[in-house]
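Here's the letter readout for the chains.
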Amino acid sequence: MKRLLFLVMTLLAAIPVSAAEPLKLGLLQIEDSAPFHVAEQERLYAREGLEVELVPFLSAIERDSALAAGAIDGAIDDPIGAILFDQGRGRLKITALCLGDRPAEGVFAILASPKSGLATAADLKGVEIAVSSSTIIEYVTDRMLEQQGFAPGEVKKIEVAKMPIRMQMLLSDSVKAATLPEPLASIAVGKGARVLVTDAAGDESLSQTVIVFRPEVLTTRRAEVAAFFRAYAGAVAAINAAPEKYRALVVETGRIPSDLAKAYPIPRYPSPAPFRPALYTPIMSWLAAKELTAPIPYDKMVATDFMEPDN
């Protein structure tokens, strides 16, 4: 019997152990995703003993479907999209910023069409601005005009959900004004549109992208999540220390047009830290005022201990 037991144990020891499931992270094709790719390129995940699979998505709808199905563990999102996806049901948690810690990291602008005759932000009063409703774009539009002293009744908006169509309508003067993110805003300027307001010029950060995780991942894979953020922090430090070294990667990741690539500013990425209440509160207030969701307490929507695997 002892010999049989010894033989069984020997055979079991000879069977290779299956590798743990990789941490699957959903990314959009935006410059905000660059640190994820740098961490892979510089083997920072491997140094942490972590396997990460970066899963590309062409749209937020596809990414959200994957999150809902549990096909990915985390993703890049914006806080408006994350809150509306969750609706207080505990489907995901906001963790750290990708971009948007400082106003200078803002990427949205309200632009005038080439033949609109609009020259200043004040000219936008009563003018329909093309946006996508109930999104970060509408939120930033409202906040930018609020900072310019607009009363709510002076802000007019028209729904044009798809950004490429919105840009073409702007350039063809089908709409007099539109809100666009980079690099579309710069492309539009190159074709005759004029920037009237930009969130990068304010004294308060209005637009952010964030990293989100499904709550069960934060609970059951805490050590892996903490390892991911250590690798991510290393990638952020590498980009910030030598931005030109990673220009080609940022340009490719963000789909920056070739004519803008050489001069396009490389963002300064913030180190991973919990999404601050000062950023969360105005977003939640806007969503609640528009009755898009009931108010969700900060600690129910935001994870603050994701860097600590032993908590």
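Just above, that's the structure.
For every chain, the first residue of the written sequence is number 1, and numbering continues from 1 along that sequence. Only residues with pLDDT of at least 70 get local features here, since the model is predicted, and only at 80 or more are side-chain atom pairs given and counted; chain-wide, interface and lining totals rely on the full set of residues. Values reported for side chains reflect all heavy atoms of the structure, with hydrogen atoms and water molecules removed beforehand.

## As for the sheet that holds strand E4 (residues 93–99)
At step 1: In space, the five strands of this open sheet follow the order E2-E1-E3-E10-E4, with mixed pairing throughout. Strands with a single pairing partner mark the edges of an open sheet, and in this sheet they are strand E2 (52–57) and E4. Across the sheet, the mean angle from the axis of one strand to that of its neighbour is 25 degrees, orientation sign disregarded.
At step 2: Two strands qualify as a pair provided that DSSP identifies no fewer than 2 bridges between them. Secondary structure elements are defined from DSSP: runs of H or I of at least 4 residues count as helices, runs of E of at least 2 residues count as strands, and each element is numbered from the N terminus. Of the pairings in the sheet, the one linking strand E3 (residues 74–77) to strand E10 (residues 209–213) comprises four bridges and is antiparallel in character. Bridge pairing in E10 links aspartate 77 to valine 210.
At step 3: Sheet strands touched by helix H10 (residues 222–241): strand E1 (23–28), E4 and E10. Its angle to E10, the strand with the most contacts, is close to 155 degrees. Lines fitted to C-alpha atoms define the axes, with helix axes restricted to the stretch in contact, and inter-axis angles between N-to-C directions lie between 0 and 180 degrees. Two residues qualify as a contact provided that any one of their heavy atoms is within 4.5 Å of a heavy atom in the partner residue.

## Overview of the packing of aromatic side chains
At step 1: Centres within 6.5 Å are what make two rings of Phe, Tyr or Trp a pair, Trp counting through its six-membered ring; a difference in plane orientation under 30 degrees is then read as stacked, over 60 as edge-to-face, and the rest as tilted. Applying the stated criterion across every chain, the model contains 11 aromatic pairs.
At step 2: Look at phenylalanine 36 and tyrosine 232: their rings are 5.3 Å apart centre to centre, the planes differ by 70 degrees, and that puts the pair in the edge-to-face class. Of this pair, phenylalanine 36 sits in helix H2 (residues 34–41) while tyrosine 232 sits in helix H10, and the two are 196 residues apart along the sequence. In terms of burial, phenylalanine 36 and tyrosine 232 fall into one category: buried.
At step 3: Between phenylalanine 229 and tyrosine 232 the ring centres are 6.4 Å apart and the planes differ by 70 degrees, which places this aromatic pair in the edge-to-face class. Linking phenylalanine 229 with tyrosine 232, this pair stays in helix H10, spanning three residues, or about one helical turn. Categorising residues by exposure relies on relative accessible area from a 1.4 Å probe, with only protein chains included: less than 20% of the type maximum marks a residue as buried, more than 50% marks it as exposed, and the intermediate range marks it as partly exposed.

## Topic: the pattern of salt bridges
At step 1: Salt-bridge detection follows one rule: a side-chain nitrogen of Lys or Arg within 4 Å of a carboxyl oxygen of Asp or Glu. Summed over all chains, the structure comprises 18 salt bridges.
At step 2: Of the charged contacts in the structure, one is a salt bridge between aspartate 73 and arginine 214, with a shortest N-O distance of 3.1 Å. A residue pair is termed long-range when its members are at least 10 positions apart, and aspartate 73 in the loop between helix H4 (60–69) and E3 and arginine 214 in the loop between E10 and helix H9 (215–220) qualify at 141 residues.
At step 3: Relative accessible area serves as the criterion here: at 8%, aspartate 73 is assigned to the buried category.
At step 4: What makes arginine 214 buried here is its relative accessible area of 10%.
At step 5: Ionic pairing is found between arginine 102 and glutamate 105, a salt bridge with its closest N-O pair at 3.2 Å.
At step 6: Arginine 102 sits in the partly exposed class, given a relative accessible area of 40%.
At step 7: Classification of glutamate 105 as buried rests on a relative accessible area of 9%.
At step 8: Overlapping salt bridges, with partners in common, bring together Asp73, Arg214, Glu216, Arg221 and Glu224 in one network.

## A look at the packing of helix H5 (residues 79–86) against helix H13 (residues 277–289)
At step 1: Packing of H5 against H13 brings their axes to within 10 Å, and their N-to-C directions diverge by 55 degrees. With respect to their mutual orientation, H5 and H13 come out oblique. Handedness of the H5/H13 crossing: right-handed. Facing Pro79, Ile80, Ile83 and Leu84 of H5, the residues of H13 in contact are Tyr280, Ile283, Met284, Trp286 and Leu287.
At step 2: Looking at the contact of H5 with H13 residue by residue, the class counts come to nine nonpolar, no polar and no charged. Should an angle fall under 35 degrees it is called roughly parallel, over 145 degrees roughly antiparallel, and 65 to 115 degrees roughly perpendicular, with every other angle called oblique. By convention, the crossing between two helices is left-handed when the near helix turns anticlockwise from the far helix through less than a right angle, and right-handed when the turn is clockwise. Under this grouping Gly is polar, as are all residues other than the nonpolar Ala, Val, Leu, Ile, Met, Phe, Trp, Tyr, Cys and Pro and the charged Asp, Glu, Lys and Arg.

## Side note on the environment of alanine 188
At step 1: Among the secondary structure elements, alanine 188 is positioned in helix H8 (residues 184–190).
At step 2: Residues alanine 188 and valine 210, 22 residues apart in the sequence, show an inter-C-alpha distance of 26 Å.

## Quick look at the pairing of strand E8 (residues 177–181)
At step 1: Where burial is concerned, most of E8 is hidden: five out of the five residues are buried.
At step 2: Neither face of E8 is open: one carries Ala177, Thr179 and Pro181, the other Ala178 and Leu180, and all of them are buried.
At step 3: Sheet topology places strand E5 (residues 108–112) next to E8; five bridges connect them, and they run antiparallel. Bridge assignment links alanine 109 to a residue of E8, and that residue is leucine 180.
At step 4: When strand E6 (residues 128–131) meets E8, the two strands line up parallel, connected through two bridges. Among the inter-strand pairings, alanine 130 is bridged to a residue of E8, identified as alanine 178.

## Some thoughts on unusual backbone geometry
At step 1: Following glutamate 182, the chain continues into proline 183 via a peptide bond in cis, with omega recorded as 0 degrees.
At step 2: Inspection of the secondary structure puts proline 183 in the loop between E8 and H8.
At step 3: Within the chain, arginine 43 stands out as a residue other than glycine whose phi angle is a positive 60 degrees.
At step 4: Tracing the sequence through the fold places arginine 43 in the loop between H2 and helix H3 (44–47).
At step 5: Overall, the relative accessible area of 57% leaves arginine 43 in the exposed class.

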